[in-house]
Amino acid sequence: AVAAPEKDVEVVITHATTREALVVTVLEGASLLEVRRAVMALLGEARLSEVKIVKVVKSGGFAGLLDTERLKGRRELLALGREFKLQALQVVVHIDRSLGVRSDIQVPQGTTIRALKDRLCAKDPTGTSKPEAFTLQVAGSNTALLDNSRLSSDTLELELHTS
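A. Focus on the pattern of salt bridges. For the structure on display, the rule yields 12 salt bridges. Between arginine 82 and glutamate 45 there is a salt bridge, and its shortest N-O distance comes to 3.1 Å. Placement of the pair is arginine 82 in the loop between strand S5 (76–81) and strand S6 (88–96) and glutamate 45 in the loop between helix H1 (32–43) and strand S3 (51–56), with a sequence separation of 37 residues. Here glutamate 45 falls in the buried class, since its relative accessible area comes to 12%. The partner of arginine 114 in a salt bridge is aspartate 118, and the shortest N-O contact between them spans 3.0 Å. One end of the pair is arginine 114 and the other is aspartate 118, both in helix H2 (residues 113–123) and 4 residues apart, which spans about a single turn. Look at arginine 114 and you get partly exposed, because its relative accessible area is 27%. When salt bridges with common partners are traced through the structure, they connect Glu45, Arg47 and Arg82 into a single cluster.

Analysis parameters
- Residues numbered from 1 in each chain as written.
- Predicted model: local features only at pLDDT ≥ 70, side-chain atom pairs only at ≥ 80, totals over all residues.
- Heavy atoms only, no water.
- Salt bridge = Lys/Arg side-chain N within 4 Å of Asp/Glu carboxyl O.
- Helix = DSSP H or I, 4+ residues; strand = E, 2+ residues; numbered from the N terminus.
- Buried < 20%, exposed > 50% of the residue type's maximum accessible area, 1.4 Å probe, protein only.

What follows is the structure, given as structure tokens:
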């Protein structure tokens with residue numbers, strides 16, 4: 001039997017003291033070192049010492065987790081080190097440009113297209129929208145953005161397309 005390929009998962013990293021949160025995408029079997037490197041890439045940080053994955057200990061303090069530990073189903077982790085200070089992006093999604101229907105959403109830089117689609121669905125007053133039922137494209141482009149693509153200053157104006 002051939003093992004199924006690992007899938008990407010989103011992990012919420014919360015700074016243990018500032019309570020800032022960010023989301024990174026890693027393979028479901030990733031080591032905590034791989035998670036740290038994903039956080040560093042998102043922050044533009046070169047020093048490994050600036051991002052530590054930690055847990056709360058009984059005394060109320062924090063203890064570092066080993067880089068060799070695996071995620072093992074965890075989707076939320078705590079970190080210490082530098083502040084995250086991600087730039088907030090104001091994204092405009094044109095739902096129906098001809099009718100002037102659009103959604104303005106503020107998200108942290110580095111948010112995935114899938115997370116933005118989930119937010120759009122959550123704002124749907126009918127509750128019937130599903131993220132799989134539409135794609136997002138940069139305004140004026142004919143290419144759908146992949147769900148694991150990350151928002152940046154180049155993707156501030158998007159158009160929603162249904163199949």
